[in-house]
Amino acid sequence: MSITPLMPVYPRCDVRPVRGEGCYLIGDRGERYLDFASGIAVNLLGHGHPKLVKTIADQAATLMHTSNLYGSPLGEAFAQTLVDNSFADTVFFTNSGAEAVECAIKTARRYHYANGEAHRHKIISFDNAFHGRTLGTISATSQPKMRDGFEPLLPGFQVVPFNDLDAALAAIDDNTAGFLLEPVQGEGGVTPATVAFLTGLRKACDEHGLLLILDEVQCGYARTGTFFAHEQYGITPDIMAVAKGIGAGFPLGACLATEEAAKGMVFGTHGSTYGGNPLAMAVGQTVLEEVLADGFLDHVKAMGARLRAALEQLIPNHDAMFEDVRGMGLMLGVKMKDAYDARAFVGHLRDHHGLLAVSAGQNVLRILPPLVIEESHIAECIEKISAGARTFADAKAA
Ligand SMILES: *Cc1c(COP(=O)(O)O)cnc(C)c1O
């Protein structure tokens, strides 16, 4: 037998982390990495955050799981805090981002069904989007690497170019339920929606009775310097999927909606065995308290501006390799020139300079540090990228 016990769907690298300390990961040979990947925008409090560790230990000892058959004091409190701090009136808890997007899609279809317009089922989504790996969420993408071999996928999706308002408006027809998009595309290349695009979609939704569904699984939860990225566009969605940072490492997601948009989601329409269990809710509340604490968002904004400026300063010294810096807050990308492969550069930084980052579509080096980084971590990161760029170019020339 040659298949590995772990189904070989990931090209796993040689780094095998066994411990985390703040913004660092320690591998199984004792080697240390500056973790500017954060488990792909998940570990926003870094590793081993004392308050989070204590919450998990205490809640595990008190009550870990019951069932959604019963009332949930912790779930009610956490949902209320999310409602108080967002556009939403109601929340469904999931265990992952894809499940949160699934719930968002179901909520949108159910809304039109409840209005007696079940034919309005089509969701317009966008090129280079990433919404997860379930059959429903891959149906909302156009990327062959995610779709090939899994067809037939779910009908009722139409994918049009991102940041092209005219194309999005032209796709609206009598069957349209709404738009689904990431305000800042993550996997697709750290590409923010333009203000004209996102506000234009909101306006079209208002005019045509459509729902604006945002996927803030990666860009939400303080990552861009505001609690949610859409706040920086001056609009609100009707439905929103959240995950990754919300659990800061514990598997947790959420689908948030306005009362109007959620009007079809009545008893029996949706569910999840684990979703919102007491352990998850205790974690969620602790993470949210940290994120909403005085100064947290200001810190993300300040560190984001610093890191961005430092990355921009690198470019003139390595202008054969780097093109520009993109993104918002601490969700940043460095677009690399065609002659250099971002995925290979990520491997080079990891193996030779002890820096963990991620690659993204469109040949982008994606940088997603914990949101609790300090200036010293930024300096260390810049040093490593700068040294890495030199040795990477040398290796290529050799
Ligand atoms: C990661 C991600 C998802 C999927 O989340 P999972 O927890 O892996 O299911 C969905 N949407 C976006 C924007 C993401 O970045």
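Residues numbered from 1 in each chain as written. Predicted model: local features only at pLDDT ≥ 70, side-chain atom pairs only at ≥ 80, totals over all residues. Heavy atoms only, no water.

- The name that an unreviewed UniProt entry assigns to the protein chain is Acetylornithine aminotransferase, with the source organism given as Sphingomonas bisphenolicum.
- Turning to the protein chain, the UniProt record has this under Sequence similarities (unreviewed entry): "Belongs to the class-III pyridoxal-phosphate-dependent aminotransferase family. ArgD subfamily."
- What the UniProt record of the protein chain gives under Subcellular location (unreviewed entry) is the line "Cytoplasm". (UniProt positions renumbered as here; feature names shortened; annotations may be inferred.)

With respect to the environment of Pro370
Reasoning step 1: The residue Pro370 is located in the loop between strand 17 (364–367) and helix 12 (375–397) in this model.
Reasoning step 2: Between the C-alpha atom of Pro370 and that of Ser38, which follows or precedes it by 332 residues, the distance is 5.7 Å.
Reasoning step 3: The residues touching Pro370, leaving out its near neighbours within four places in the chain, are Cys23, Asp35, Ser38, Asn43, Leu44, Gly46 and Leu330. (Helix = DSSP H or I, 4+ residues; strand = E, 2+ residues; numbered from the N terminus. Contact = heavy atoms within 4.5 Å.)

Focus: the side chain of Gln218
Reasoning step 1: Relative to the elements of secondary structure, Gln218 occurs in the loop between strand 10 (211–215) and strand 11 (239–242).
Reasoning step 2: Within polar-contact distance, the side chain of Gln218 engages the side chain of Glu187 at 3.2 Å. (Polar contact = N/O pair within 3.5 Å; in protein donor to acceptor, adjacent residues only side chain to side chain.)

A word on the site of the ligand
Reasoning step 1: Taken together, Ser96, Gly97, Ala98, Phe130, His131, Gly132, Glu182, Asp215, Val217, Gln218 and Lys244 make up all the residues around the ligand.
Reasoning step 2: In the model, a nitrogen atom of the ligand is placed 3.2 Å from a nitrogen or oxygen of the Phe130 main chain.
Reasoning step 3: In isolation the ligand has 380 Å² of accessible area, and contact with the protein removes 82% of it.
Reasoning step 4: Each residue belonging to the shell around the ligand can be placed in one class, and the counts come to three nonpolar, five polar and three charged. (Near = heavy atom within 4 Å. Areas by Shrake-Rupley, 256 points an atom, 1.4 Å probe, with all protein chains shown as cover. Nonpolar A, V, L, I, M, F, W, Y, C, P; charged D, E, K, R; others polar.)

A few points about the packing of helix 2 (residues 50–62) against helix 9 (residues 278–292)
Reasoning step 1: Contact geometry of helix 2 with helix 9 gives a least axis separation of 9 Å together with a crossing angle of 155°. With respect to their mutual orientation, helix 2 and helix 9 come out roughly antiparallel. Here the hand of the crossing between helix 2 and helix 9 comes out right-handed. Contacts from Lys51, Leu52, Thr55, Ile56, Gln59 and Ala60 of helix 2 reach helix 9 at Pro278, Leu279, Ala282, Val283, Thr286, Val287, Glu289 and Glu290.
Reasoning step 2: By residue class, the composition of the contact of helix 2 with helix 9 is eight nonpolar, three polar and three charged. (Axes fitted to C-alpha atoms, helices over the stretch in contact; angles between N-to-C directions. Parallel < 35°, antiparallel > 145°, perpendicular 65-115°, else oblique. Left-handed = near helix turned anticlockwise from the far one by under 90°.)

A few points about the packing of aromatic side chains
Reasoning step 1: Scanning the entire structure with this criterion turns up eleven aromatic pairs.
Reasoning step 2: Look at Phe126 and Phe162: their rings are 6.2 Å apart centre to centre, the planes differ by 70°, and that puts the pair in the edge-to-face class. You can see Phe126 sitting in strand 5 (residues 122–126) and its partner Phe162 sitting in the loop between strand 6 (157–160) and helix 7 (165–170), a full 36 residues away along the chain.
Reasoning step 3: Summarising the aromatic geometry, the rings of Tyr340 and Phe392 are spaced 6.0 Å apart at their centres and angled 45° between planes, so their arrangement reads as tilted. (Phe/Tyr/Trp six-rings, centres within 6.5 Å; stacked < 30°, edge-to-face > 60°.)

With respect to the domain arrangement of the protein chain
Accessible area lost upon the coming together of the parts serves often as the stated size of an interface.
Reasoning step 1: You can read the domains of the protein chain as domain 1 (17–48 + 295–397) and domain 2 (63–292).
Reasoning step 2: When each unit is reduced to the centre of its C-alpha atoms, the spacing between domain 1 and domain 2 is 28 Å.
Reasoning step 3: Every contact between the two is made by 27 residues of domain 1 and, on the other side, 29 residues of domain 2.
Reasoning step 4: Connecting domain 1 to domain 2 are one salt bridge.
Reasoning step 5: A salt bridge links Glu187 to Arg366; the nearest nitrogen and oxygen atoms lie 3.0 Å apart.
Reasoning step 6: Among the elements of the structure, helix 1 (38–41), helix 10 (296–314), strand 13 (322–328), strand 14 (331–336) and strand 17 are those that each provide at least two residues to the side of domain 1 that touches domain 2.
Reasoning step 7: Counting residues per element, the side of domain 1 that touches domain 2 draws most heavily on helix 10, at four residues.
Reasoning step 8: Looking at side-chain class alone, the side of domain 1 that touches domain 2 contains 17 nonpolar, seven polar and three charged residues. (Domains from an automatic or database assignment. Salt bridge = Lys/Arg side-chain N within 4 Å of Asp/Glu carboxyl O.)

Regarding the sheet that holds strand 10
Reasoning step 1: One open sheet accounts for seven strands, arranged 4-12-11-10-7-5-6; its pairing is mixed. In this open sheet, the two strands that pair with only one neighbour each are strand 4 (90–94) and strand 6. Looking at each pair of strands side by side, their axes are set apart by 20° on average, direction ignored.
Reasoning step 2: One ladder, built from three bridges, connects strand 5 with strand 7 (residues 176–181); its direction is parallel. Note on strand 7: the bridge partner recorded for Lys122 is Thr176. (Pairing = 2+ DSSP bridges.)

Description of helix 3 (residues 73–84)
Reasoning step 1: With twelve residues, helix 3 ought to run about 16 Å at 1.5 Å a step, and its terminal C-alpha atoms sit 16 Å apart, in line with that.
Reasoning step 2: Taken as a whole, helix 3 has its buried residues at Gly75, Phe78, Ala79, Thr81, Leu82 and Val83. (Expected span 1.5 Å × (residues − 1). Buried < 20%, exposed > 50% of the residue type's maximum accessible area, 1.4 Å probe, protein only.)

Details of the UniProt feature "binding site: N(2)-acetyl-L-ornithine" (unreviewed entry) in the protein chain
Reasoning step 1: The UniProt record annotates "binding site: N(2)-acetyl-L-ornithine" (unreviewed entry) at Arg133 and Ser272.
Reasoning step 2: On the basis of relative accessibility, which here comes to 56%, the residue Arg133 falls in the exposed class.
Reasoning step 3: Among the structural elements, Ser272 can be located in the loop between strand 12 (253–257) and helix 9.
Reasoning step 4: With sequence-adjacent residues up to four places away left out, Ser272 is seen in contact with Asn68, Phe92, Asn95 and Glu99.

Quick word on the pattern of salt bridges
Reasoning step 1: If you walk through the whole model with that rule in mind, you get 22 salt bridges.
Reasoning step 2: Asp238 is paired through a salt bridge with Arg202; the nearest N and O atoms lie 3.1 Å apart. You can see Asp238 sitting in the loop between strand 10 and strand 11 and its partner Arg202 sitting in helix 8 (residues 195–208), a full 36 residues away along the chain.
Reasoning step 3: For Asp238, a relative accessible area of 13% gives the class buried.
Reasoning step 4: Within the structure, one salt-bridge network assembled from shared partners comprises Arg16, Asp28, Arg29 and Glu31.

Quick word on the sheet that holds strand 14
Reasoning step 1: Judged by pairing direction, the sheet is antiparallel, and its four strands sit side by side in the order 13-14-17-16 without closing on themselves. In the strand order of this sheet, the two ends are held by strand 13 and strand 16 (358–360), each with one partner. Across the sheet, the mean angle from the axis of one strand to that of its neighbour is 30°, orientation sign disregarded.
Reasoning step 2: Pairing of strand 13 with strand 14, which is carried by six bridges, proceeds in the antiparallel orientation. Looking across to strand 14, one finds that Arg326 is bridged to Gly333.
Reasoning step 3: Contacts between helix 10 and the sheet are confined to strand 13, strand 14 and strand 17, with strand 13 contributing the most and set at about 170° to the helix.

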